[in-house]
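Breakdown of the fold
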Amino acid sequence: THNLAAEAGLDHYELSVYATKHPGADPLAVARLGYAVLEGDLHEILRDPTNRFDAVVLCRPGNFDQFAAEVRRYQPQAAVVYVAEAPFAVRLEREAELADADGPSRRGSTLRRDAEKSWRIERRAVSEADRVVSVSPEECARLQGMDPAKPVDLVFPLQADIALTADEPGKRDGMLYTSSWTARDETSPNADGMRWFCADVLQNVVTILPWTKLRATGANPPPGIARLASAHVELTGFVPDLRDVYEQARVVVVPLRFGAGVKNKTVEALQYGVPVVTTTIGAEGIEVPEGLSPMVITDDPAEFADAVVRLLTDGHAWRAQRRDIEALRNHWERNRGRSWVQVIDDAIQGHVGNRTPDEETG
């Protein structure tokens, strides 16, 4: 939402935001940026004839399933843009594979059924929306395969106006994991990655570097994550300005074992210029020009720990990765893809061109 708002600009669009979930976050933070925050029942908001939207951007399949029909019925003038930031069905399928790692399980079967339902919603969303937005070339191709006639826009998830943090490894310390939590969700990719890192990676790191620690951000961690707090694991809670923790961290870890699409936490760390150690899932969708190594990518716990230790202790290795990160940032500046302004403009114009006579007079 902030990316859309920052790129579009308040002088181009008046933006209203409705959050179906905001665990631990402050909705007023969006209002302080100058955008309208919608509160109450979104169904009633859409049905209110005094509200008139030119475009409605729906993120995630569950939200499309719940609200798209209401938009079409009560806001017929509005273009509908579906944001497929990460195919949830892929995430569920990968989670099922982990659940069944030691043999078929009831949880694995449930996850696969949920994945099939999610695929049905996603295909319908692609078919019914005016435009579709994805964040990686791979996912754009997948979505275009669902409906070759549907416009699919690539909008890489770069945050606006993130400046590099200082190139001073000697003034940094420790590891950083930026996360968000839902207090009762012990099974999210973030929670699974945190448990895997603490169980299989962290001990190898602190055996060599007993002074170091992992700082994990995010309000309302579930009980299983809260219990991981120790001398080597600090749960910082909600951080109003993540730049503060990126300025301090020597290494960012993204230990995700399942999920889908481009991981914003990985892109964000690279935008801030902090070396990253991640898994193949954590690096997914980030295309890196040949010859650059801005991330260490490994799914092996011992290799993951070795890379973290090297970046925590070897200033030359840290600066070499930092130089590749800066080169990647320059590549992103030259290859930003489409902007949200262009996407929304095209969605509105395309929808107007396809209105029925009833819509024109309704």
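Counting restarts for each chain, with residues numbered from 1 along the sequence as it is written. For this predicted model, a pLDDT threshold of at least 70 governs which residues receive local features, and a threshold of 80 or more governs which side-chain atom pairs are given and counted, while totals over whole chains, interfaces and linings are taken from all residues. With hydrogens and water set aside, each side-chain value is computed from the structure's full complement of heavy atoms.

**Remarks on the environment of His351**
Strands here mean DSSP runs of E at least two residues long; helices mean DSSP runs of H or I at least four residues long; both are numbered from the N terminus. Relative to the helices and strands, His351 is located in helix H14 (residues 340-353). In this structure, the C-alpha to C-alpha distance between His351 and Ile281, residues 70 residues apart in sequence, is 36 Å. Polar contacts, as used here, are pairs of N or O atoms within 3.5 Å; protein pairs need one atom able to donate a hydrogen and one able to accept it. Residues neighboring in sequence count only if both atoms are side-chain atoms. Within polar-contact distance, the side chain of His351 engages the side chain of Asp130 at 3.3 Å.

**Remarks on unusual backbone geometry**
Despite not being glycine, Arg60 has its phi angle at roughly 80°, a positive value. Tracing the chain through its elements places Arg60 in the loop between strand E3 (55-59) and helix H4 (61-74). Positioned with a positive phi, Asn220 is a non-glycine residue whose angle comes to about 55°. With respect to the element layout, Asn220 can be found in the loop between strand E8 (214-217) and helix H9 (223-226).

**A closer look at the pattern of salt bridges**
The salt bridge criterion pairs a side-chain nitrogen of Lys or Arg with a carboxyl oxygen of Asp or Glu, the two atoms within 4 Å. Overall, the coordinates contain 21 salt bridges when judged by the stated rule. In this structure, the salt-bridge partner of Glu70 is Arg47, at a minimum N-O distance of 2.9 Å. Pair noted here: Glu70 is in helix H4 and Arg47 is in helix H3 (residues 42-47), with a separation of 23 residues, a long-range link. For Arg195, the salt bridge is made with Glu186, and the minimal N-O distance between the two is 3.9 Å. Members of the salt-bridge network, linked through shared partners, are Arg131, Asp153, Arg338 and Asp346.

**With respect to the sheet that holds E8**
Remark on secondary structure: sheet strands pair via backbone hydrogen bonds, oriented parallel or antiparallel. A strand pair is defined by DSSP finding two or more bridges across the two strands. Across the sheet, which stays open at both edges, the six strands sit in the order E9-E8-E7-E10-E11-E12 with parallel pairing between neighbours. Each edge of the open sheet is held by one strand with a lone partner, namely strand E9 (233-237) and strand E12 (295-297). Each neighbouring strand pair of the sheet contributes to a mean axis angle of 25°, computed without reference to strand direction. Two strands pair when backbone bridges link them, and strand E7 (residues 175-177) and E8 are joined in this way by three bridges, in the parallel orientation. Considered in E8, the bridge of Met175 is made with Leu214. Here, residues are in contact when the closest pair of their heavy atoms is within 4.5 Å. Fitted lines through C-alpha atoms give the axes, limited to the stretch in contact for helices. The angle between two N-to-C directions lies from 0 to 180 degrees. Taken strand by strand, helix H8 (residues 189-208) contacts E7, E8, E9 and strand E10 (251-254), and its axis lies near 165° from that of E7.

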